[in-house]
Amino acid sequence: MQKDNTNDYLRLHTGILLAGATGIFGRLISLAELPLVWYRMVIAALVLAVVLRMSHKVSVPCRAHMMRIAGCGVLLAIHWVLFYASIKASNVSIAVVCIALNGFFTAIIEPLTGHRRMSVREIMLSMITLAGILLIFGLDTRHRTGIIIGAFSSLFYTLFSIASKRVQQNTGHSSSTMLLYELLAGWGALTIVLPVYVAFYPSAALLPA
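I will try to describe carefully the structure that is included in this document. Everything numeric in this text was worked out from a predicted model, so none of it was measured.

In this section: helix 2 (residues 33-54). An ideal rise of 1.5 Å per residue puts 32 Å on 22 residues; helix 2 measures up with 32 Å between its terminal C-alpha atoms. When helix 2 is considered as a whole, its buried residues turn out to be E33, L34, P35, L36, V37, M41, V42, A45, L48 and L52. Residue H56 follows helix 2 closely and has a positive phi angle near 55°.

See below:
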């Protein structure tokens, strides 16, 4: 039992370390936010595909399930693009703090989807986070753009989490299988949008410097 707890703690802290590092790397990398997420999703999808292939866990959902999973992947791609856009518009701290709004959005949106009843306690606790972000918004005008983008990033992360959870419950696919096709769908959506992005932002960096 102690060994299992140690493994769980190790995975937890590794996840926290990687989650924190992704924002720092996003700030340091010269790529614009959309190309950055484009590279991130295709690399992650390829690595995950190899891991699932080696463990013989690759499966292909039916067309109906694939469409639902793809929709979740698009939401994930939008979240990541907005997250890195928030970092580049302000800094890593602002973008990460705005992710905390996930609790506020979840407390409101999830009951509206019929998953559970609305919890006044959760809303009140989430309002504390919202109040803190609004305080920063009012006191430091330099980060207003980053906060607004970060808030939308948190909103799309909430939509992705709720949608992905419902799709998994309804289809029965494993989380790893869903993640693979979500990454591929998000990457495909960004590939379609990329030429339009370049037309509007011709000076944006598309290749790692």
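We now examine the environment of R144. Tracing the backbone through its elements, the reader meets R144 in helix 7 (residues 144-171). Taking relative accessible area as the criterion, R144 reaches 34% and is therefore assigned partly exposed. For R144 and S90, which are 54 residues apart along the polypeptide, the C-alpha to C-alpha distance reads 8.2 Å. In this view, R144 contacts F137 and G138; residues no more than four positions away in its chain are not counted.

Okay, the packing of aromatic side chains next. Taken as a whole, this structure holds five aromatic pairs when the rule is applied. When the centroid spacing of 5.1 Å and the interplanar angle of 90° are considered together, the rings of W38 and Y39 count as edge-to-face. For Y39, a relative accessible area of 24% gives the class partly exposed. The rings of W38, Y39 and W187 are connected pair by pair, giving a single aromatic cluster.

Thresholds applied
Residues numbered from 1 in each chain as written. Predicted model: local features only at pLDDT ≥ 70, side-chain atom pairs only at ≥ 80, totals over all residues. Heavy atoms only, no water. Helix = DSSP H or I, 4+ residues; strand = E, 2+ residues; numbered from the N terminus. Expected span 1.5 Å × (residues − 1). Buried < 20%, exposed > 50% of the residue type's maximum accessible area, 1.4 Å probe, protein only. Contact = heavy atoms within 4.5 Å. Phe/Tyr/Trp six-rings, centres within 6.5 Å; stacked < 30°, edge-to-face > 60°.

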